[in-house]
Amino acid sequence: MFNIFKTSKNVGISIDEFFDKIEFGNLNFKKGINNYLKGNISDFEENLKTNNALEQEADTLKRKIENDFYVYSLMPNYSSDIINLLEKSDDIIDMSKEVLSQFDVESPNIPEDIRKMYSKLTAASAKTVENLIPAARIFFISPELVKEKTQKVLFYHRETHTIATDIKRKLFKESSDLKLSEKIHLRYFALHIEQISSAAKVVALLLASLVLKIKM
Amino acid sequence: MFFFFLTSGLFLGWTLGANDAANVFGSAVGSKMIRFKQAAIIASIFVILGAVLQGAGGSHTLGKLGSIDALGGAFTVALAAALVVFWMTKSKLPVSTTQAVVGAIIGWNFFTGSTTDINSLVKIVTTWIAGPILGGIFAVLLYLFLGFSLRKGKIHLLLQDAYTKYALIIVGAFGSYSLGANNIANVVGVFVPSAPNITLDFGLFTLDGTQILFLLGGIAIAVGIITYSKRVMMTVGNSIMKLSSETALVVVFSHSLVLFIFSSQSLSNLFVQIGLPPIPMVPVSSSQVIVGSIMGIALLKGGRNLDFSILGKIAAGWVATPVIAGLMSFITLFFMSNVFNLTVTQKQTDNVIKEQINTPPSAIEKTKVISTISTPKNQENTIELYQYALITAAIILLFIVLYLLWTIRKLRVHIKQNDYNEQILKYNEQQATLEFDLKITNNQNTRLEAAVKTKKKAQKRIALDIIQKTEVLNRLKVEIDQIKLKPENEIKYSDLNTIKMLITEQLNLDKERTSLYNYVKELNSSFYQNLEKKYSNLTEKEKRLCALLRLNLSSKELASILGISFKSVEVNRYRLRKKMNLKKQEKLVTIINKL
């Protein structure tokens with residue numbers, strides 16, 4: 001009879017752990033890109049490994065949560081929305097792992113003068129995710145406070161987009177010493193980093209709509 | 001007899017259970033927060049408890065409105081109300097059991113010439129209006145309180161969901177109790193004046209006649225919940241209250257409170273004690289209170305998307321339902337009393353007795369019988385249920401034993417039947433196998449017969465050949481003998497020519513060929529059919545060529561058989577390929593063999 005309370009509590013803890021993984025993954029991503037830009041390849045490889053492990057753990061947790069939602073009929077009215085929220089949140093850590101892997105495989109040659117911009121772009125993108133995680137956590141406790149947090153997410157997303165555009169402009173308009181293929185290659189890396197921020201924005205919008213939905 | 005008359009009330013109870021349980025558990029079951037089975041059990045138990053423990057108040061008010069003193073009258077009034085509810089529900093018109101019953105009672109008052117207590121009527125109508133309004137007020141207050149508590153409590157959404165689930169069960173139980181307490185008057189209220197004056201002693205507690213009546217009414221509502229409310233909960237119930245689980249909790253709770261207030265005598269007494277006016281004990285429409293509660297919350301949220309036509313529908317229901325039910329009741333009472341001679345009021349019987357004071361004693365006896373049926377005995381009987389319980393248990397046991405015996409017998413018959421079916425199946429299978437074997441053997445026989453026939457023909461042909469060849473050889477011998485008899489110088493070229501002619505004649509193998517062709521045709525009848533089907537444009541000669549090609553004969557052999565040159569065979573093969581539309585890579589012999 002009272003198992004439902006225990007299950008609900010455990011699922012709540014699992015959701016928290018899931019967001020922990022995303023948060024660690026995001027910090028690790030930021031560190032990894034900076035290591036790559038500084039040329040600390042062994043550290044970068046370590047970051048890549050850690051992110052792979054975190055992504056797998058997040059996936060396992062997500063599956064467990066989804067299973068509990070269906071098996072114990074938790075929040076039957078909103079279960080599909082919450083599962084969708086977890087799926088979209090999982091996309092963030094998937095993407096960060098993928099971007100690190102692309103850096104590892106393709107080893108883009110980033111010119112000295114643009115490196116700082118890439119570092120700035122990574123920081124802005126990571127900041128978007130950093131602000132998203134508290135919003136997602138607070139949604140389960142005080143949904144009315146979500147809006148405050150999501151505003152920051154949207155702000156940092158815009159910032160990320162601006163920096164990415166600056167990088168592209170610099171690449172194509174000011175870097176005449178680079179070949180077109182190199183420009184295109186570097187453009188894609190700016191795009192990949194920016195996409196993590198976009199994924200965080202999607203989750204933020206999802207949270208905002210969920211708040212409206214569950215509002216009494 | 002009493003139970004027969006009670007059926008109309010029980011039917012009304014069934015419809016109430018089927019429709020109104022959705023107001024209490026519809027949202028929870030519809031959103032799968034609670035399983036229907038769980039909801040039905042809780043609702044049934046608490047409806048019965050509410051009816052038996054707290055159902056008297058509403059019945060008392062209805063009794064004041066019109067005290068139906070004859071069982072026949074109560075039956076007819078309940079039947080009229082039930083028919084109106086049934087018809088209006090089917091026609092998708094806004095209807096409430098409460099309003100139908102009140103209308104039907106007023107109809108009875110008109111028919112019997114009884115005066116309608118205006119004070120009671122005003123009290124009832126006021127409550128109808130007050131019910132939804134009060135529901136709305138309670139809903140708003142509870143909503144604000146719950147919202148505040150949730151904000152302050154900061155409970156995790158998942159835990160909150162679990163609490164809501166249990167709160168819905170508890171509030172649902174309270175709602176069912178209130179529904180039973182408040183609405184039982186609609187179901188059996190009209191039968192109260194005619195209730196049998198008996199007391200059932202259960203050992204731990206006793207039930208008087210009215211409570212037994214309420215118990216039966218409660219059971220009828222429970223049966224309605226168990227048998228039919230699922231459909232209503234899944235369709236209508238869910239559409240009325242498509243709300244979040246928290247809002248549904250508030251709505252059901254406010255609805256339960258309103259129903260409880262209008263049926264709790266203790267609360268009313270408490271009001272009087274503290275100097276407030278007493279609360280009227282009136283059955284109110286459960287659905288209308290629910291709508292009032294939802295509208296209260298909608299207004300609190302700003303009133304956007306609020307459908308005010310629902311208010312109009314409720315108001316129309318307040319007027320239309322009692323009027324239609326009153327008319328129906330009047331007509332039904334007229335019909336029952338004039339066609340079936342049913343006593344619908346005690347006054348009617350008294351008048352009959354007064355009028356027939358000088359009539360023969362047999363007629364008076366008759367009237368007494370009617371009176372006995374229509375009025376309950378004034379003498380109170382206390383029935384001790386221990387002995388009855390024992391007898392009932394024994395009877396139930398007997399029924400169980402009989403049922404078990406019957407089941408065992410049925411099972412045996414079933415097993416036997418299964419065995420028999422299995423055997424039949426086995427025999428059928430065997431028969432089918434044998435028939436199949438027979439068919440195969442017959443086919444083999446036919447093939448063998450055909451082979452024997454062909455071989456006989458071949459033998460005959462060979463024999464004829466031998467005869468023919470013997471004849472030719474004999475003729476040759478005769479010719480040579482004649483030449484031998486001639487002197488050497490007289491032997492002429494023409495003699496040699498005659499011999500050559502004889503040999504050439506023999507070499508003319510037309511006859512043999514014809515027989516060969518017939519032979520080939522006979523052996524390959526299915527091949528000829530297939531060939532005809534696929535290549536209908538082939539001539540007889542070409543078909544023959546195909547049949548010979550099927551024997552894997554070389555062109556040289558074919559030339560010898562057909563009596564034509566090797567080149568002609570090649571030309572014929574080329575033409576055949578062309579007619580059959582064969583591609584370069586396709587082999588003629590392979591295609592023919594596939595046919």
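Remember, predicted model here, so these are calculated numbers, not experimental data.

## Thoughts on the overall build of chain B
Here comes step 1: The helix and strand tally for chain B stands at 22 helices and three strands.
Here comes step 2: Counting over 595 residues, chain B shows a buried share of 41%.
Here comes step 3: Partitioning the intrachain contacts of chain B with sequence separation of at least 6 by distance along the chain shows that 78% fall at a separation of at least 24.
Here comes step 4: Carbon together with sulfur atoms contributes 64% to the accessible area of chain B, which is approximately 34,700 Å² in total.

## Digging into the overall build of chain A
Here comes step 1: A count of helices and strands for chain A gives six helices and zero strands.
Here comes step 2: Counting from the amino terminus, helix and strand elements in chain A follow one another as α-α-α-α-α-α.
Here comes step 3: Counting over 216 residues, chain A shows a buried share of 48%.
Here comes step 4: Contacts in chain A between residues at least 24 apart in sequence constitute 82% of all its contacts with a sequence separation of at least 6.
Here comes step 5: In the structure as shown, chain A presents an accessible area of about 10,600 Å², 52% of it carried by carbon and sulfur atoms.

## Here's the deal with a positive patch on the surface
Here comes step 1: Taken together, the side chains of Lys147(A), Lys215(A), Lys301(B) and Arg304(B) define a basic patch exposed on the protein surface.
Here comes step 2: Here Lys147(A) shows up in helix α5 (residues 146-174).
Here comes step 3: Under the relative-accessibility criterion, Lys147(A) is labelled exposed at 61%.

## Some words on helix α12 (residues 309-339) of chain B
Residue and element names in this part refer to chain B.
Here comes step 1: Spanning 31 residues, α12 covers 43 Å between terminal C-alpha atoms, matching the ideal 45 Å at 1.5 Å per step.
Here comes step 2: For α12, the principal kink sits at Gly317 and spans about 30°.
Here comes step 3: Buried within α12 are the following residues: Ile314, Gly317, Thr321, Pro322, Ala325, Gly326, Ser329, Thr332, Leu333, Met336 and Ser337.
Here comes step 4: Among the residues trailing α12, Asn341 stands out with phi positive, at a value near 55°.

## Some details on unusual backbone geometry
Here comes step 1: In this structure, Ser73(A) takes a positive phi of about 45° despite not being glycine.
Here comes step 2: Mapping Ser73(A) onto the fold places it in the loop between α2 (41-71) and α3 (79-106).
Here comes step 3: For Lys154(B), which is not glycine, the phi dihedral falls at a positive 45°.
Here comes step 4: Relative to the helices and strands, Lys154(B) resides in the loop between α6 (118-153) and α7 (157-188).
Here comes step 5: In this structure Lys154(B) comes out as partly exposed when scored by relative accessible area, which is 48%.

## Regarding the interface of chain A and chain B
Here comes step 1: The interface of chain A with chain B comprises 23 residues on the first partner and 24 residues on the second.
Here comes step 2: Across the chain A-chain B interface, the total number found is zero salt bridges.
Here comes step 3: Scanning the region where chain A abuts chain B turns up three residue pairs in polar contact (both at pLDDT 80 or more).
Here comes step 4: At six residues, helix α1 (residues 3-38) of chain A tops the list of elements feeding residues into the side of chain A that touches chain B.
Here comes step 5: Of the residues that constitute the side of chain A that touches chain B, the class distribution is 17 nonpolar, five polar and one charged.

## Quick word on the nonpolar core
Here comes step 1: With 155 residues, the main nonpolar core has Phe69(A) and Tyr118(A) as its most contacted residues.
Here comes step 2: With residues near it in sequence (within four places) discarded, Phe69(A) still touches Val11(A), Ile15(A), Leu74(A), Met75(A), Ser79(A), Ile82(A), Ile83(A) and Leu158(B).
Here comes step 3: Core analysis: the second largest hydrophobic core is formed by 20 residues, Tyr528(B), Ala547(B), Leu576(B) and Met580(B) among them.

## Some thoughts on the pairing of strand β1 (residues 198-201) of chain B
Residue and element names in this part refer to chain B.
Here comes step 1: In this structure, β1 lies alongside strand β2 (residues 206-208), joined through three bridges in antiparallel fashion. The residue bridging Leu200 from the neighbouring strand is Leu207, located in β2.
Here comes step 2: Between the antiparallel neighbours β1 and β2 lie four residues, among them Gly203 with a positive phi of about 90°.

## Here we look at a negative patch on the surface
Residues and elements named next belong to chain A.
Here comes step 1: On the surface, a cluster of negative charge is contributed by Asp43, Glu45, Glu46 and Asp104.
Here comes step 2: With three residues, α2 is the single largest residue contributor to the negative patch.
Here comes step 3: For Asp104, the location among the structural elements is in helix α3.
Here comes step 4: A relative accessible area of 33% places Asp104 in the partly exposed class.

## Quick notes on the packing of aromatic side chains
Pairs of aromatic rings are described using the distance from one ring centre to the other and the angle between the two planes.
Here comes step 1: Inspection of every chain in the model, using the stated rule, returns 18 aromatic pairs over all chains.
Here comes step 2: For the ring pair Phe174(B) and Phe260(B), a centre distance of 5.5 Å and an interplane angle of 50° mean the geometry is tilted. You can see Phe174(B) sitting in helix α7 and its partner Phe260(B) sitting in helix α9 (residues 245-261), a full 86 residues away along the chain.
Here comes step 3: Site record: aromatic cluster; members linked through ring pairs are Tyr36(A), Phe44(A), Phe103(A) and Phe189(A).

## Focus on the packing of helix α4 (residues 112-139) of chain A against α5(A)
Residues and elements named next belong to chain A.
Here comes step 1: Where α4 meets α5, the axes come as close as 8 Å, and the angle between the chain directions of the two elements is 165°. Taken together, the axes of α4 and α5 are roughly antiparallel relative to one another. The element α4 and its partner α5 pack so that their crossing is left-handed.
Here comes step 2: Looking at the contact of α4 with α5 residue by residue, the classes come out as 17 nonpolar, six polar and seven charged.

## What about the packing of helix α4 (residues 71-90) of chain B against helix α5 (residues 97-112) of chain B?
A pair of packed helices is characterised by two quantities: the angle between their axes and the separation of those axes.
Residues and elements named next belong to chain B.
Here comes step 1: Where α4 contacts α5, the two axes come as close as 9 Å, and the packing angle between them is 135°. Taken together, α4 and α5 sit at an angle that is classed as oblique. Crossing handedness for the pair α4 and α5: right-handed. The residues of α5 that touch α4, namely those facing Gly73, Val77, Ala81 and Val85, are Thr97, Ala100, Val101, Ala104, Ile105 and Trp108.
Here comes step 2: Residues belonging to the contact of α4 with α5 are distributed by class as follows: eight nonpolar, two polar and no charged.

## Remarks on the confidence of the model for chain B
Here comes step 1: Per-residue pLDDT for chain B has a mean of 81; in total, 86% of the residues score no lower than 70.
Here comes step 2: In the model, residues 363-379 of chain B has pLDDT below 50 throughout and makes 24 contacts with residues more than four positions away in sequence or in other chains.

## Quick notes on the side chain of Thr122(A)
Here comes step 1: Looking at the element boundaries, Thr122(A) is found in helix α4.
Here comes step 2: Leaving out residues up to four positions away in the same chain, Thr122(A) has contacts with Phe29(A), Lys30(A), Ile33(A) and Ile193(A).

## So, the environment of Leu132(A)
Here comes step 1: Inspection of the secondary structure puts Leu132(A) in helix α4.
Here comes step 2: By relative accessible area, Leu132(A) is classed as buried at 1%.

## A few points about the pattern of salt bridges
All names here are of chain A.
Here comes step 1: One pass over the structure, following the stated rule, counts 18 salt bridges over all chains.
Here comes step 2: Among the salt bridges present, the one from Asp59 reaches Lys62, with a minimum N-O distance of 4.0 Å. Separated by three residues within a single helix, Asp59 and Lys62 lie in helix α2, roughly one turn from each other.
Here comes step 3: Looking at Lys62, the relative accessible area reads 9%, which means it is buried.

Rules behind the numbers
- Residues numbered from 1 in each chain as written.
- Chains lettered and ligands numbered in written order.
- Predicted model: local features only at pLDDT ≥ 70, side-chain atom pairs only at ≥ 80, totals over all residues.
- Heavy atoms only, no water.
- Helix = DSSP H or I, 4+ residues; strand = E, 2+ residues; numbered from the N terminus.
- Buried < 20%, exposed > 50% of the residue type's maximum accessible area, 1.4 Å probe, protein only.
- Contact = heavy atoms within 4.5 Å.
- Areas by Shrake-Rupley, 256 points an atom, 1.4 Å probe, with all protein chains shown as cover.
- Patch = residues over 30% accessible without salt bridge, like charges linked within 9 Å, V, L, I, M, F, W, Y side chains within 5 Å.
- Salt bridge = Lys/Arg side-chain N within 4 Å of Asp/Glu carboxyl O.
- Lys, Arg positive; Asp, Glu negative; His and termini not counted.
- Charge placed at Lys NZ, Arg CZ, Asp CG, Glu CD.
- Expected span 1.5 Å × (residues − 1).
- Bend = angle between axes of the 7 residues up to and from the residue.
- Polar contact = N/O pair within 3.5 Å; in protein donor to acceptor, adjacent residues only side chain to side chain.
- Nonpolar A, V, L, I, M, F, W, Y, C, P; charged D, E, K, R; others polar.
- Core = buried A, V, L, I, M, F, W, Y, C linked by side-chain atoms within 4.5 Å.
- Pairing = 2+ DSSP bridges.
- Phe/Tyr/Trp six-rings, centres within 6.5 Å; stacked < 30°, edge-to-face > 60°.
- Axes fitted to C-alpha atoms, helices over the stretch in contact; angles between N-to-C directions.
- Parallel < 35°, antiparallel > 145°, perpendicular 65-115°, else oblique.
- Left-handed = near helix turned anticlockwise from the far one by under 90°.
- pLDDT = per-residue confidence, 0-100.

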